[in-house]
Amino acid sequence: MAQVAFIGLGQMGTPMAHNLIKQGHQLHVFDISPAAVAELVALGATGCRDAGQAAEGAEFVITMLPNGDLVREVLFGADGVCSGLSPDALVIDMSTIHPLQTDRLAQEMQAKGFSFMDAPVGRTSDHAQAGTLLILAGGTQQQVERATPLLMAMGSELVNAGGPGMGIRVKLINNYMSIALNTLSAEAAVLCEALGLSFDIALQVMSGTPAGKGHFTTTWPNKVLKGDLTPAFMIDLAHKDLGIALDVANQLHVTMPMGAASREVYNQARANGRGRQDWSAILQQVRSQSGL
């Protein structure tokens, strides 16, 4: 079992740290909240006065903090992790922060002779308590292999994201997509209500179509990702149907800004001659607009 410094005992960090203790790891913990530290001490951890003291003698240091500025302060500030860190230790940032901040932190840690990787988590605080988090590991192959037993004490699934900084990148994209889809889904649900359609019926239908399953796993692998844009469902027809939905929503005074924004992308695709291509070609339209 390892000696672990755990810094950041919030809604996610506390149950994660508790699971490490339950797996037999020796934890030295620090948080700005004395109550949070006391809770972990009661569970078997050693409380520390600052991050530097927590890091002394640690084989692993885990940070689970609200933002990148705090991660930086904890690592490099007065009495920070680096003040007590062994060059043999591995620092694992499990926070959700800006990926370019992650890159800079990794570069600065390497320049100081320290080992640093990112491993943000997916799922919720309930999964953190159950020890069933999704771990998105960004690091060298050696770092990921070294960290895996420790990380799997907090999660039930680990994805090697493909190199340093890639864990936070896939976490960011996953969150972006699910957060934006939440708004689009809410628009669709409200339109159901305005039209008098049973939500249970909508749920039954959407659960079996790209609307509910998503294009990553349905239309794209079968068409655009294979380089096949012959139409199974033409962009022209998708544009027409989207227009009908927006017109109905307008007449019923249902606000649908996500749908309206989507129509502009379909407008641009049609203006670029993609009207008779498969609707999965929207991916290529957005790539083109982004200079890729």
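Conventions and cut-offs
Residues numbered from 1 in each chain as written. Predicted model: local features only at pLDDT ≥ 70, side-chain atom pairs only at ≥ 80, totals over all residues. Heavy atoms only, no water. Salt bridge = Lys/Arg side-chain N within 4 Å of Asp/Glu carboxyl O. Helix = DSSP H or I, 4+ residues; strand = E, 2+ residues; numbered from the N terminus. Buried < 20%, exposed > 50% of the residue type's maximum accessible area, 1.4 Å probe, protein only. Pairing = 2+ DSSP bridges. Disulfide = S-S within 2.5 Å. Expected span 1.5 Å × (residues − 1).

Trainee: Whenever I open this one, the pattern of salt bridges confuses me. Can you help?
Mentor: It is possible for side chains bearing opposite charge to pair when their charged atoms get close. Counted according to the given criterion, the structure contains 7 salt bridges. For R169, the salt bridge identified is with D103, shortest N-O distance 2.7 Å. Of this pair, R169 sits in helix α9 (residues 166-194) while D103 sits in helix α6 (residues 99-111), and the two are 66 residues apart along the sequence. For R169, a relative accessible area of 25% corresponds to the partly exposed category.

Trainee: Looking at this structure, I do not really get the pairing of strand β8 (residues 133-137). What am I missing?
Mentor: Along any regular strand, the residues point their side chains to alternate faces of the sheet. Counting buried residues along β8, 5 of its 5 residues qualify, which places the element largely inside the surrounding structure. Because side chains alternate across β8, one face comprises the buried residues L133, I135 and A137, and the other comprises L134 and L136, equally buried. Sheet analysis places β8 next to strand β9 (residues 155-160), joined by 5 bridges and oriented parallel. The partner of L134 across the bridge, within β9, is E157.

Trainee: What am I meant to see in the state of the cysteines here?
Mentor: Structurally, a disulfide amounts to a covalent bond that connects the sulfur atoms of two cysteines. For the structure on display, the rule yields 0 disulfides. C82 provides the cysteine sulfur closest to C48, a residue in no disulfide bond, and the two sulfurs are 16 Å apart. Of the residues examined, C82 reaches a relative accessible area of 18% and is grouped as buried.

Trainee: What is the right way to read α9 from this model?
Mentor: Count 3.6 residues to each turn of an α-helix, and residues three or four apart come out pointing the same way. The first and last C-alpha atoms of α9 sit 42 Å apart over 29 residues, in line with the 42 Å expected at 1.5 Å per residue. The complete set of buried residues in α9 reads G167, I168, K171, E187, L191 and C192. Positive backbone phi, at 75°, marks G196, one or two positions downstream of α9.

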